[in-house]
Amino acid sequence: MVCLCCIVPAEVLERLSKDESLEPAHRRRVALDAVLTRNANELRAHVTERTRLIASLGIAPAAGAATAAITVADCHHGMTLPGTPIPNPSNSSDVSAKNAAVEAKGVYDFYHTIFGRNSIDDMGMTIASSIHYGQLYNNAFWNGTQMAYGDGDNQIFVDFTKGNDVIGHELTHGVTQYSLQLDYVNEAGGLNESTSDVFGSMFRQWQAGQDVTQADWLIGKDIMGPTALQRGYTCLRDMSNPGAAHCLAKQPFKYADYHDGMDPHYSSGIPNYAFYKAAAAIGGKSWEKTGQVWYKALTTSGSQPNIKMKEFANITRKLAQTLYAADPHVAAGVDGGWNAVGL
C-alpha cells in the first residue's frame, strides 16, 4: 500500500499539467510534481506498517520526553531528507524556517492544551520539519517520521509553510498513525484524510479564537497563489460546502456518491461535511465539544485500519452520548451531522 497523503491531491496537479492556458514550462513542472506526489510517500507506508506491527506485538515504548523538541532543516531545494539543521529556527531570518517551527509548536500546544496529548505519538516525539524541499515543489507531506514543505511555484501555490491548517493537517496524519492507524484506501482512506482536515481546521480556528460561525471552514486558503486566485479558487477544500466552485479540489459530500477506489482527498468530503454540520448544530468553538468527540474516536478505539465510515460515525454517536450525557444537544448534533451525509 502506498499512502499518498500530501495536502494537494495528485489529480489536481495532473489536471493543471494539462491546462493549456499555463506556460509549457510550468505545465512540465506541475506534471513532475504530480509524479513526485504519487511516489514520495512510499516510505510513510512502511513506517506506518512498522508502527502497527510494534503495537500489535505489545512492545512497550521507551519512556518519552516530557515535551516535544521542534527541529527544522533546510533541503536547499534538493530532495534528500532531512537536510541541513537550522539552529534556533523559531527566530530564523528564513520565513519558511520560522513558520515551520512556530506552527509546529502551535500544533503541539493545541493537542496538549485541548486534548492532553504529548506530541504526535503522545510520548513527546520530536516534531521534525524540512523546508525548501525540491524545486518549486507544489506540496507538503508527512512521510511517517517528519514533515517536508515545498516552496510552491508562486503561481498556483505559494510557500506551504504559510498555511497553519496545512501544517495541522499533515501533522495529524502522524497522530492517526499512532492511534486509529487508518489505511489510506477506500473508506478508511477517506476517514484518514478527513481526520487531518478536521483537526487542521480546528487548529486554525483555535489560533484565531473563532467559534463555528466565525470560521470560514476553508482548507488551504493561505497557500493559494495569484493564478489560482485569479481563476476563482480560494482554497483547496471547503468543509462547509465541499462541492463549491471556489474549491480547487471539489469533493462529494453524500455517502451515496462514494465508491471504492476513490482518492481519499475526495471521499474525505463526506466525513468532513458531517463534522461541519455537527459542529454548526452544537455551536460554540469546534474543539470544545465536537472536537472532543472526534479526538476520542480517533484515540480510544484501538487500531482499526480498515474501519468503515458508518462504523466511525457510530463510535462518535456513542461517545457523544457518553461524554455529554447531561447535554443531549451534543449527541443530537453529532447524529444530525452524519444523517446529513447519509450515514
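Preceding block: the structure.
Description of the structure in this document. (Residues numbered from 1 in each chain as written. Predicted model: local features only at pLDDT ≥ 70, side-chain atom pairs only at ≥ 80, totals over all residues. Heavy atoms only, no water.)

Here we look at the nonpolar core
1) Next: Residues F110, F157, L171, F199, W294 and W338 are the most contacted members of the largest nonpolar core, which totals 85 residues.
2) Next: Examining the composition of this core, we find that ten residues originate from one element, helix α4 (residues 95-115), more than from any other.
3) Next: Filtering out sequence-adjacent residues up to four positions away, W294 remains in contact with V198, F199, F275, F312, T316, V334 and W338.
4) Next: Counting six residues, the second-largest nonpolar core is a separate cluster that includes C6, C75, F141 and A148. (Core = buried A, V, L, I, M, F, W, Y, C linked by side-chain atoms within 4.5 Å. Buried < 20%, exposed > 50% of the residue type's maximum accessible area, 1.4 Å probe, protein only. Helix = DSSP H or I, 4+ residues; strand = E, 2+ residues; numbered from the N terminus. Contact = heavy atoms within 4.5 Å.)

Focus: the sheet that holds strand β4 (residues 140-142)
1) Next: Read across the sheet, five strands follow the order β2-β1-β3-β5-β4 without closing on themselves; strand pairing throughout is mixed. In the strand order of this sheet, the two ends are held by β2 (84-85) and β4, each with one partner.
2) Next: In this structure, strand β1 (residues 70-74) lies alongside β2, joined through two bridges in antiparallel fashion. Each bridged residue has a counterpart across the sheet, and for D74 the counterpart in β2 is T84. (Pairing = 2+ DSSP bridges.)

Concerning the pairing of strand β3 (residues 127-131)
1) Next: Among the five residues in β3, five count as buried, and that is most of the element.
2) Next: Burial of the side chains of β3 extends over both faces: I127, S129 and I131 are buried on one face and A128 and S130 on the other.
3) Next: Two strands pair when backbone bridges link them, and β1 and β3 are joined in this way by five bridges, in the parallel orientation. Residue pairing in the sheet places V72 in a bridge with S129 of β3.
4) Next: Pairing geometry for β3 and strand β5 (residues 147-149), over two bridges, is parallel. Bridge pairing in β5 links S130 to A148.

Observations concerning the packing of α4 against helix α10 (residues 290-299)
1) Next: At a minimum axis separation of 11 Å, α4 and α10 run at an interaxial angle of 100 degrees. It follows that α4 is roughly perpendicular to α10 by the angle criterion. Contacts between α4 and α10 involve Y111, I114 and F115 on the former and, on the latter, G291, Q292 and Y295.
2) Next: In terms of residue class, the contact of α4 with α10 is built from four nonpolar, two polar and no charged. (Axes fitted to C-alpha atoms, helices over the stretch in contact; angles between N-to-C directions. Parallel < 35°, antiparallel > 145°, perpendicular 65-115°, else oblique. Nonpolar A, V, L, I, M, F, W, Y, C, P; charged D, E, K, R; others polar.)

Points about unusual backbone geometry
1) Next: The omega torsion of the bond from L81 to P82 falls at 10 degrees, within 30 degrees of zero and hence cis.
2) Next: Tracing the backbone through its elements, the reader meets P82 in the loop between β1 and β2.
3) Next: Positive phi is not limited to glycine here, since H132 has a value of about 55 degrees.
4) Next: Summarising the element assignment, H132 is placed in the loop between β3 and β4.
5) Next: Owing to a relative accessible area of 13%, H132 belongs among the buried residues under this scheme.
6) Next: Unlike most non-glycine residues, N154 shows phi in positive territory, near 65 degrees.
7) Next: With respect to the helices and strands, N154 occurs in the loop between β5 and α5 (164-177).

None of this, on its own, says anything about what the molecule does.
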